[in-house]
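Below, each chain spelled out in residue letters.
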Amino acid sequence: MPTDDVARFLAALSPAHREEVGRQPREQQEKLAAAWEKELREDTDLDTLSELSPAAAESEAARRVVEGRS
């Protein structure tokens, strides 16, 4: 399991989004990872999903951040 926030964020992404984000500069990846962490902390719908499946909640939050829906 990756311990670096960016690595964890990339692991939560779909392969297509992972490739897209992987091409971006590290600074942008760090911003997206921070937004992802915030989404996980603050979205109450994800809290419920997280109780059922933490991996699914992480993936959904990552998708929202990359697609600009946070």
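What you see is a predicted model, and the numbers here were worked out from it, not measured in a lab.

Observations regarding helix α1 (residues 5-12)
Link 1 in the chain: Of all the residues in α1, the buried ones are V6, F9, L10 and A12. Considered in projection along α1, the buried side chains sweep an arc of 160 degrees and stay on one side of the axis.
Link 2 in the chain: Structurally, α1 contributes buried residues whose contacts are with α2 (15-22), α3 (26-42) and α5 (54-66).
Link 3 in the chain: At the N-terminal boundary of α1, the capping side chain belongs to D4, with an oxygen 3.2 Å from the backbone nitrogen of V6.

Examining the pattern of salt bridges
Link 1 in the chain: Counted by the stated rule, this structure contains 12 salt bridges.
Link 2 in the chain: The shortest N-O distance in the salt bridge between R64 and D43 comes to 2.7 Å. Of the two residues, R64 sits in helix α5 while D43 sits in the loop between α3 and α4 (44-52), which places them 21 residues apart along the sequence.
Link 3 in the chain: Using a relative accessible area of 19% as the deciding quantity, one classes D43 as buried.
Link 4 in the chain: Measuring nitrogen to oxygen at the nearest pair gives 2.5 Å for the salt bridge that ties R63 to E60. Of this pair, R63 and E60 both sit in helix α5, 3 residues apart, which is roughly one turn of the helix.

Each value, and the rule that gives it
Position numbers for residues count from 1 along each chain, tracking the sequence in the order it is written. Under the rules for a predicted model, residues below a pLDDT of 70 receive no local features and side-chain atom pairs below 80 are neither given nor counted, while totals for whole chains, interfaces and linings still include all residues. To get the side-chain values, take all heavy atoms of the structure and skip hydrogens and water. In this scheme, a residue with accessible area under 20% of its type's maximum is buried, one over 50% is exposed, and one in between is partly exposed, where area comes from a 1.4 Å probe on protein chains only. Only DSSP runs of H or I with at least four residues qualify as helices, and only runs of E with at least two residues qualify as strands; both kinds are numbered from the N terminus onward. Throughout, the arc means that of the directions going from the helix axis to the C-beta atoms. Here, two residues are considered to be in contact whenever any of their heavy atoms come within 4.5 Å of each other. N or O atoms closer than or at 3.5 Å make up a polar contact, with two conditions inside protein: a donor-capable atom paired with an acceptor-capable one, and, for residues adjacent in sequence, both atoms drawn from side chains. Any carboxyl oxygen of Asp or Glu that lies within 4 Å of a side-chain nitrogen of Lys or Arg is treated as forming a salt bridge with it.

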